[in-house]
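Listed here are the chains, written in short residue letters.
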Amino acid sequence: MKRVFSGVQPTGNIHIGNYLGALKQFVELQDENECIYCIVDMHSITLPQEPKELKKHILDVAALYMAVGLDPKKSTIFVQSQVPGHAQLSWVLTCSSYTGELSRMTQFKDKSKGKESAPAGIFTYPVLMAADILLYDTDIVPVGNDQKQHIELCRDLAIRINNRFDKKVFVVPDGRFMKSGARIMALDDPSAKMSKSAPNPKSRISLLDEPGAIKKAIMSATTDSEGTIRFDLEEKPGISNLLNIYSAFSGLAVEDIEKKYEGCGYGAFKKDLVEVTVDALAPIRERFGEIRNSKELTDALKDGAEKANAISEKTMQRVYKTFGLGI
Ligand code: AMP
Ligand code: TRP
């Protein structure tokens, strides 16, 4: 059995891009593997968070994990800050990282924009992410393409430390990336990735959106003036994005959807897509409502933190011994 680890930041507005790119993979993997899924709250404070909002978002993401189908009997679900090993291993890995390689991370370059006042946390963010993964002897990390460079750094660190001590201190993990079709673009601008933080709420469909909001976002989605429903990323990025969403939620192949809507206008196609999306998200919203304030949720997180801690403590003993730390 392979060990799987992944995490999502509790920063609100979890959208269908997060779902189709990451969360859906998490659910698929849980039957055949030993899966550990984390709510990475320590990553989210790399940018200032309002404490009350952060608490709420942590429980929202945990409830969403379960609402999309993660089963705490099969998968370990927990909150990062409840397991001290993440911060402990992060420091050890920081001391094995080079400032040069961290400076080359595109996410750091984008977010710091070369400013002196850039928070040091966005510089060391990928080291904490490597600690998350290596702490659990992870084999597979399901994430979106945007995390490829961070996974590469994690592998480099594991290999570097294994070579230095000439033994297998860490398992070297592999990323599991989504197919290009699962990259969901913003509805108002199909050249940008759908994102949690874009100012226009109609640019995304959040997993908990009411049917009315879903309808508004889809009906106003940017298309083109050609009038035919055809997949063409270059010429028709808006319609292609909508076709991807339709396909992911209905299970139909894109070609079959194209055939179904031959001769139809964009209005009819969008109206049906609203229905497909509302139907797909309704059970998630319903389950979220049942679980968000339940004891089942807090019990699952408590149990998850205990299980994660047990694995983490063993790894940290091995790591401290290898590095000669402690007495
Ligand atoms: P984040 O929103 O950065 O916390 O990302 C959580 C997970 O969702 C990561 O694995 C991302 O790669 C993935 N993800 C984020 N945005 C998208 C998108 N627009 N399409 C597909 N996957 C995404
Ligand atoms: N950096 C990831 C993101 O923004 C979140 C994350 C943190 C993560 N630690 C992780 C993903 C460990 C996979 C494994 O999406």
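Thresholds, definitions, all that
Residues numbered from 1 in each chain as written. Chains lettered and ligands numbered in written order. Predicted model: local features only at pLDDT ≥ 70, side-chain atom pairs only at ≥ 80, totals over all residues. Heavy atoms only, no water. Near = heavy atom within 4 Å. Polar contact = N/O pair within 3.5 Å; in protein donor to acceptor, adjacent residues only side chain to side chain. 1 Å grid on protein atoms, 1.4 Å probe; cavity = no way out; pocket = protein on both sides within 12 Å on 5 of 7 lines; lining within 4 Å. Sits in = over half its atoms within 2 Å of the grid points. Axes fitted to C-alpha atoms, helices over the stretch in contact; angles between N-to-C directions. Helix = DSSP H or I, 4+ residues; strand = E, 2+ residues; numbered from the N terminus. Parallel < 35°, antiparallel > 145°, perpendicular 65-115°, else oblique. Left-handed = near helix turned anticlockwise from the far one by under 90°. Contact = heavy atoms within 4.5 Å. Nonpolar A, V, L, I, M, F, W, Y, C, P; charged D, E, K, R; others polar. Areas by Shrake-Rupley, 256 points an atom, 1.4 Å probe, with all protein chains shown as cover. Points joined across faces, edges and corners; volume = space filled by probe spheres on them. Expected span 1.5 Å × (residues − 1). Buried < 20%, exposed > 50% of the residue type's maximum accessible area, 1.4 Å probe, protein only. Arc of directions from axis to C-beta. Domains from an automatic or database assignment. Buried area = accessible area lost by both parts, 1.4 Å probe. Salt bridge = Lys/Arg side-chain N within 4 Å of Asp/Glu carboxyl O. Phe/Tyr/Trp six-rings, centres within 6.5 Å; stacked < 30°, edge-to-face > 60°. Lys NZ or Arg CZ within 6 Å of the ring centre and 35° of its normal.

Q: Run through the site of ligand 2, naming residues and quoting values.
A: By nearness alone, 13 residues border ligand 2, and Gln9, Tyr125, Met129, Asp132 and Gln147 come closest of all. Glutamine 9 places a side-chain nitrogen or oxygen 3.4 Å from an oxygen atom of ligand 2. Glutamine 147 places a polar side-chain atom, nitrogen or oxygen, 3.0 Å from a nitrogen atom of ligand 2. Applying the majority rule of atoms within 2 Å of the grid points places ligand 2 in the largest pocket.

Q: Could you give me a rundown of the packing of helix α4 (residues 85–94) against helix α13 (residues 295–323), with the residues and numbers involved?
A: One way to put it is that α4 packs onto α13 with a least axis distance of 10 Å and a crossing angle of 25 degrees. Accordingly, the angle class assigned to the pair α4 and α13 is roughly parallel. The two elements α4 and α13 cross, and the hand of that crossing is left-handed. Seen from α4, the contacting residues are Gly85, Gln88, Leu89 and Val92; seen from α13, they are Ser312, Met316, Val319, Tyr320 and Phe323. Class assignment of the residues belonging to the contact of α4 with α13 gives a composition of 6 nonpolar, 3 polar and no charged.

Q: Residues and numbers for the site of ligand 1, please.
A: The immediate surroundings of ligand 1 are formed by 16 residues, with Asn18, Gly144, Asp146, Ile184 and Lys196 found nearest. Within the contact set of ligand 1, a nitrogen atom lies 3.1 Å away from a backbone nitrogen or oxygen of glycine 17. With respect to ligand 1, the side chain of aspartate 146 contributes an N or O atom lying 2.5 Å from an oxygen atom. When isolated, ligand 1 has an accessible area of 490 Å², and the protein chains bury 90% of it. Structurally, ligand 1 is housed in the largest pocket. Of all the elements, helix α1 (residues 16–29) adds the most residues to the shell around ligand 1, at 4 residues. Partitioning the shell around ligand 1 into residue classes produces 6 nonpolar, 6 polar and 4 charged.

Q: Could you give an account of the layout of surface pockets, naming the residues involved and the relevant values?
A: Taken as a whole, the largest pocket spans an internal volume of roughly 1,200 Å³. Together, 44 residues line the largest pocket, and Gln9, Asp146, Gln147, Lys193 and Lys196 are the ones closest to its centre. Those elements giving two or more residues to the lining of the largest pocket turn out to be β1 (3–8), α1, α2 (41–44), α6 (106–112), α7 (120–134), β4 (140–143) and α8 (148–165). Examining the composition of the lining of the largest pocket, we find that 5 residues originate from one element, α1, more than from any other. Partitioned by chemical class, the residues of the lining of the largest pocket number 17 nonpolar, 20 polar and 7 charged.

Q: Describe α8, with residues and values.
A: For α8, built from 18 residues, the straight-helix expectation of 26 Å at 1.5 Å per residue is met to within 8% by its first-to-last C-alpha distance of 26 Å. Among the residues of α8, those classed as buried are His150, Ile151, Leu153, Cys154, Leu157, Ala158, Ile161 and Asn162. Buried residues in α8, looked at end-on, bunch into an arc of 165 degrees, giving them a common side. For α8, exposure combined with an orientation more than 90 degrees from the buried face picks out Asn163 and Arg164. Phi for aspartate 166, located one or two positions after α8, is positive at around 55 degrees.

Q: A description of empty space enclosed by the protein should follow, citing residues and the corresponding values.
A: Once rolled over the atoms, a probe with the size of a water molecule shows which space is left empty. Counted by the stated rule, this structure contains 1 cavity of 30 Å³ or more. In terms of lining, the largest cavity is formed by Thr46, Met105, Gln107, Phe108, Lys111, Ile122, Tyr125, Pro126 and His150. Of all the secondary-structure elements, those providing two or more residues to the lining of the largest cavity are α6 and α7. Classifying every residue of the lining of the largest cavity gives 5 nonpolar, 3 polar and 1 charged.

Q: How would you explain the domain arrangement of the protein if you had to name every residue and give the values?
A: Interface size is commonly expressed as the accessible surface area that is lost when the partners come together. Each domain of the protein was delimited in the assignment, giving domain 1 (3–182 + 295–323) and domain 2 (201–288). Taken over C-alpha atoms, the centre of domain 1 sits 31 Å from the centre of domain 2. Contact with domain 1, which involves 16 residues of that partner, is made by 13 residues of domain 2. Across the domain 1 to domain 2 interface the summed buried area is about 1,300 Å²; carbon plus sulfur atoms make up 71%. If you sort the residues of domain 1 by the area they bury against domain 2, Ile16, Leu64 and Ala67 come out on top, with a joint share of 37%. Scanning the region where domain 1 abuts domain 2 turns up 1 salt bridge.

Q: Tell me about the packing of aromatic side chains, and please be specific about residues and values.
A: Two aromatic rings are characterised by how far apart their centres lie and by the angle between their planes. Per the stated rule, a full pass over the model turns up 11 aromatic pairs. Between the aromatic rings of phenylalanine 26 and tyrosine 37, the centroid separation amounts to 4.4 Å while the plane-to-plane angle is 10 degrees, which identifies the pairing as stacked. Of the two residues, phenylalanine 26 sits in helix α1 while tyrosine 37 sits in strand β2 (residues 34–39), which places them 11 residues apart along the sequence. Taking 6.0 Å as the distance between ring centres and 70 degrees as the angle between the ring planes, the aromatic pair formed by phenylalanine 26 and tyrosine 65 counts as edge-to-face. One end of the pair, phenylalanine 26, is in helix α1; the other, tyrosine 65, is in helix α3 (residues 51–67), and 39 residues separate them in sequence. A relative accessible area of 0% places phenylalanine 26 in the buried class. Cluster of aromatic residues (ring-pair linked, three or more members): Phe5, Phe78 and Tyr136. A cation over an aromatic ring shows up here: lysine 148 above the ring of phenylalanine 177, its NZ or CZ 4.9 Å from the ring centre.

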